[in-house]
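# Results of the structural survey
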Amino acid sequence: MRRRAFIEGIAALAAALWPLAARAQLSALPKVGFLRSSTLADVPDWVTAFRQGLKEAGFVEGQNVAIEFRTADNQPDRLPELVTDLIHQPVAVIVGNTESALAAKAATTTVPIVFATGSDPVRDGLVASLNRPGGNVTGVSFFSAVVGAKRLELLRQMVPKATIIAMLVNPNIPLTEAERRDVQTAAQAIGQQLVFVDVSNERDIETAFATSVQQGAGALLVGTGGFLNSKREQIVALADRYALPTSYSQREGVVSGGLMSYGANITDAYRQVGIYVARILKGERPSDLPVMQSTRFDFVINLKTAKALGLNVPHTLLATATEVIE
């Protein structure tokens, strides 16, 4: 009886100590800080792709690397505090979108930073050049801000009768200036009347749709950036309410019920970010890793939405689409 009690006691002690041992093991793993200016709930595929990239390069979360997730929930002024928290963890690498990476770079010159950005990282001051980033920062650029001309062209083909096209843009992010310029230049070249509407909160989005329709917009472009992507459900619902054909920069908007999208495959970009983080964890320096540029672009059409809007999708668009949602 004493022997059985002794064994049961040992088992109970082991069970009690196991969580402590597990936590100690996790705390000993190198940590990666994954920081976003918007919410994580809106980008589950990107997080999965990031983990996949890590795995491809030999790192599995919970086994030989830990990931600390932080989000500013569309409150950019919180980013410096979140960066400081990650640095104090401490983390071995910080991953961020444009705003997050800029906040991280302002806070540290020693902790490696790997970004995923839709704007020009040289113009934004993230790196010295694409081939020779310099410093502690590198990453992946998918240049979503400079495909606006292509998005405008595709939307015009889908809705040729739209004499006025509105565009929602967030004035508070670095890539908006280049995106606005890109689309405006394209519109002027083809004689398309374009109306820009600034949005930086949920109330602005509600007002923006009413304003666009009042100004006679027959179609709508949704600008790029974490905030507008995080509000895609609201935007899709409003586009449906106003029966306004709308083009998004990311596939997720079309999956949520939007009409069409054209842009870089950001999921693949985050997989590449995971690979770069793994290389840095193995000892490579960010300054020696050239900024990668996305080469995969997706054109997605939602036929169900097109039908609800009474649109006949041209065969030329169907033929060039990389994905058609029926």
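Computed from a predicted structure; not experimentally measured. (Residues numbered from 1 in each chain as written. Predicted model: local features only at pLDDT ≥ 70, side-chain atom pairs only at ≥ 80, totals over all residues. Heavy atoms only, no water.)

## Overview of unusual backbone geometry
Glycine aside, residues mostly have negative phi, and peptide bonds are mostly found in the trans state. The condition is simple: Numbering of helices and strands starts at the N terminus; helices are DSSP runs of H or I of at least 4 residues and strands are runs of E of at least 2. Using a 1.4 Å probe on the protein chains alone, a residue whose accessible area is under 20% of its type maximum counts as buried, one over 50% counts as exposed, and one in between counts as partly exposed.
A cis amide bond, omega 0 degrees, links Gln 89 with the succeeding residue Pro 90. Here Pro 90 shows up in the loop between α3 (79-88) and β3 (93-96). If you check the backbone angles, Asp 73 has positive phi at about 50 degrees while not being a glycine. Looking at the element boundaries, Asp 73 is found in the loop between β2 (66-71) and α3. The class for Asp 73 is partly exposed, based on a relative accessible area of 35%. For Ala 243, which is not a glycine, the phi torsion comes out positive at approximately 50 degrees. In this structure, Ala 243 sits in the loop between α9 (232-241) and β9 (246-248).

## Focus: the packing of helix α7 (residues 202-214) against α9
The condition that has to hold: Lines fitted to C-alpha atoms define the axes here, with helix axes fitted over just the stretch in contact, and angles between the N-to-C directions of these axes take values from 0 to 180 degrees. Roughly parallel means an angle under 35 degrees; roughly antiparallel, over 145; roughly perpendicular, 65 to 115; everything else is oblique. Handedness of each helix crossing follows the sense of rotation of the near helix against the far helix: counterclockwise by less than a right angle gives left-handed, clockwise gives right-handed. Note on contacts: a residue pair qualifies if any of its non-hydrogen atoms lie within 4.5 Å across the two residues. Residue classes follow a fixed rule: Ala, Val, Leu, Ile, Met, Phe, Trp, Tyr, Cys and Pro count as nonpolar, while Asp, Glu, Lys and Arg count as charged, and any other residue, Gly among them, counts as polar.
As a packed pair, α7 and α9 sit with axes 10 Å apart at the nearest point and diverge in direction by 20 degrees. The pairing of α7 with α9 is recorded here as roughly parallel in orientation. For the crossing formed where α7 meets α9, the hand is right-handed. Residue-level contacts link Glu 202, Ile 205, Glu 206 and Phe 209 of α7 to Gln 234, Ile 235, Leu 238, Ala 239 and Arg 241 of α9. Across the contact of α7 with α9, the residue classes tally to 5 nonpolar, 1 polar and 3 charged.

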